[in-house]
Amino acid sequence: TQLLEQSPQFLSIQEGENLTVYCNSSSVFSSLQWYRQEPGEGPVLLVTVVTGGEVKKLKRLTFQFGDARKDSSLHITAAQPGDTGLYLCAGAAGKLIFGQGTTLQVKP
Amino acid sequence: NAGVTQTPKFRILKIGQSMTLQCTQDMNHNYMYWYRQDPGMGLKLIYYSVGAGITDKGEVPNGYNVSRSTTEDFPLRLELAAPSQTSVYFCASSIFGGGSVGSGANVLTFGAGSRLTVL
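Residue numbers run consecutively from 1 along every chain, following the written order of its sequence. Ligands are numbered from 1 and chains lettered from A, in the order in which they are written. Where local features are concerned, this predicted model is filtered to residues with pLDDT of at least 70; where side-chain atom pairs are given and counted, the filter is 80 or more; whole-chain, interface and lining totals use all residues. Computation of side-chain values: all heavy atoms of the structure, hydrogens and water removed.

1. Some points on the overall build of chain B
For helices the rule is a DSSP run of H or I covering at least 4 residues; for strands it is a run of E covering at least 2, with both sets numbered from the N terminus onward. When helices and strands are counted, chain B shows 0 helices and 11 strands. Reading chain B from its N terminus to its C terminus gives the helix and strand order β-β-β-β-β-β-β-β-β-β-β. Just to be clear, the radius of gyration here is over C-alpha atoms, and the globule rule we use is 2.2 Å times residues to the power 0.38. Taking 14 Å as the expected radius of gyration for a compact globule of 119 residues, we find that chain B reaches 14 Å, a close match to that expectation. Seen along its three principal axes, the alpha-carbon backbone of chain B occupies a region of about 40 × 30 × 25 Å. Residue burial is assigned from relative accessible area. The probe radius is 1.4 Å, only protein chains are included, and a residue is buried under 20% of its type maximum, exposed over 50%, and partly exposed in between. By the burial criterion, 45% of the 119 residues in chain B qualify as buried.

2. Some thoughts on the side chain of Gln37 of chain A
Counting through the fold element by element, Gln37 of chain A comes out in strand 4 (residues 31-37). For Gln37 of chain A, a relative accessible area of 6% translates into the label buried. Of the polar contacts made by the side chain of Gln37 of chain A, one reaches the side chain of Gln37 of chain B; its length is 2.9 Å. Contact between two residues is taken to exist if any of their heavy atoms lie within 4.5 Å; hydrogens are not considered. In contact with Gln37 of chain A, not counting residues within four places along its chain, are Gly42, Pro43, Gly85, Leu86 and Leu88 of chain A together with Gln37 and Phe90 of chain B. The term polar contact refers here to a pair of N or O atoms within 3.5 Å; inside protein, the definition further demands a hydrogen-donor-capable atom paired with an acceptor-capable atom, and it admits residues adjacent in sequence only when both atoms are side-chain atoms.

3. Points about the packing of aromatic side chains
Pairs were defined over the aromatic rings of Phe, Tyr and Trp, the Trp ring being its six-membered one, requiring ring centres within 6.5 Å. Orientation was assigned from the angle between planes: stacked under 30 degrees, edge-to-face over 60, tilted for the rest. One pass over the full model with this rule turns up 9 aromatic pairs over all chains. Each ring, one from Phe98 of chain A and one from Phe110 of chain B, has its centre 6.3 Å from the other, and the planes form 75°; the classification is edge-to-face. With Phe98 of chain A in strand 10 (residues 95-98) and Phe110 of chain B in strand 10 (residues 109-110), this pair bridges two chains. Of the two residues, Phe98 of chain A and Phe110 of chain B, both sit in the buried class. Between Phe90 of chain B and Phe110 of chain B the ring centres are 6.4 Å apart and the planes differ by 85°, which places this aromatic pair in the edge-to-face class. One end of the pair, Phe90 of chain B, is in strand 9 (residues 87-94); the other, Phe110 of chain B, is in strand 10, with 20 residues separating them in the sequence. Residue Phe90 of chain B is classed as buried on the basis of its relative accessible area, which comes to 2%. Pairwise contacts between aromatic rings join Tyr35 and Phe98 of chain A together with Tyr33, Tyr35, Phe90 and Phe110 of chain B into one cluster. Two limits define a charge over a ring: the Lys NZ or Arg CZ must be within 6 Å of the ring centre, and within 35 degrees of the ring normal. In this arrangement the basic side chain of Arg68 of chain B is found over the ring face of Phe74 of chain B, its NZ or CZ atom lying 6.0 Å from the centre.

4. Overview of the sheet that holds strand 8 (residues 76-78) of chain B
Strands in a sheet are paired, the pairing made by backbone hydrogen bonds, and the direction either parallel or antiparallel. Residues and elements named next belong to chain B. In this description, strands pair whenever DSSP reports at least two bridges between them. Across the sheet, 4 strands lie side by side as 1-3-8-7; this open sheet has antiparallel pairing. In this open sheet, the two edge strands, each paired with only one partner strand, are strand 1 (4-7) and strand 7 (64-66). The sheet shows a mean angle of 20° between the axes of neighbouring strands, taken without regard to direction. Here strand 1 pairs with strand 3 (residues 19-25) via 4 bridges, running antiparallel. Each residue of the ladder has a partner; that of Thr5, found in strand 3, is Thr24. What counts as an axis is a line fitted to C-alpha atoms, over the stretch in contact for a helix, and the angles between N-to-C directions run from 0 to 180 degrees.

5. Quick word on unusual backbone geometry
The residue after Ser7 of chain A, namely Pro8 of chain A, is reached through a cis peptide bond having omega -10°. With respect to the helices and strands, Pro8 of chain A occurs in the loop between strand 1 (5-7) and strand 2 (10-14). With omega at -5°, the peptide bond leading from Thr7 of chain B into Pro8 of chain B counts as cis. In this structure, Lys59 of chain A is a non-glycine residue whose phi angle is positive, near 55°. Turning to its location among the elements, Lys59 of chain A is positioned in the loop between strand 6 (55-58) and strand 7 (61-65). On the basis of relative accessible area, Lys59 of chain A is assigned to the exposed category, the value being 84%. Phi at Ala78 of chain A takes a positive value of approximately 50°, unusual for a residue other than glycine.

6. Considerations on the interface of chain A and chain B
Contact with chain A, which involves 24 residues of that partner, is made by 22 residues of chain B. For the pair chain A and chain B, the summed buried area comes to about 1,600 Å², and 58% of that belongs to carbon and sulfur atoms. Our count for the chain A to chain B interface comes out at 4 residue pairs in polar contact (both at pLDDT 80 or more). Of all the secondary-structure elements, those providing two or more residues to the side of chain A that touches chain B are strand 4, strand 5 (44-49), strand 9 (85-93) and strand 10 of chain A. Here the buried area means the combined drop in accessible surface, using a 1.4 Å probe, for two parts upon being joined, counting both sides.

7. Quick word on the nonpolar core
In this structure, Ile13, Leu19, Leu32, Trp34, Leu74, Ile76 and Leu104 of chain A are the most contacted members of the largest nonpolar core, which totals 22 residues. Looking at this core, the elements that each hand over two or more residues are strand 2, strand 3 (19-24), strand 4, strand 5, strand 7, strand 8 (71-76), strand 9 and strand 11 (102-107) of chain A. Dropping the residues within four chain positions of it, Ile76 of chain A is found in contact with Glu17, Asn18, Leu19, Arg60, Leu61, Asp83, Tyr87 and Leu104 of chain A. Residues grouped as a nonpolar core are buried Ala, Val, Leu, Ile, Met, Phe, Trp, Tyr and Cys residues, joined through side-chain atoms within 4.5 Å. Counting 19 residues, the second-largest nonpolar core is a separate cluster that includes Trp34, Tyr64, Leu116 and Val118 of chain B.

The following block contains the structure:
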């Protein structure tokens, strides 16, 4: 069974702090996606990374795909209360495998 | 465009009752999916469909059934509801398969979810 482990599962920080969320697996994925989900809504895609070592930036969010395409990270710089939500990584290997999610709370 | 529309948004069932969660998409996507989301467990795939008339089991299909008579609609039926089926259910669709390679090609568009409680 392919698994994606996300860490931490819960993160509560103050506005302006930096944070990193990790998504790890022993399996190789052809691509990896990060989604953000707000309460009462479905997940919305933030980014897809395809190439090992790839780095993508989305404003204050930086996404990296591991060289071996087994892991990924999401770094948020100067977090804002609007970043609060559930962050999910999903690896593509025949079908999408989702991690268990990281709940981020950014306090003003 | 409405995207992916799920109904109902909330439902309470008694043990043993049956119900159907409706899902429709207006993006002409071939692929459709049903996931369930439990706290701390991420999203688990229940069933998926690669096109009208074709469905297949995901990771957790027991207790559920699906049909895909049209490209737009992908209802999920719960027979003999059990407390273990208390969850939030998400329908999603994509142009290509969710496991396809390609930057952005396999984007899943999700509905807003249906919260089901079985008592």
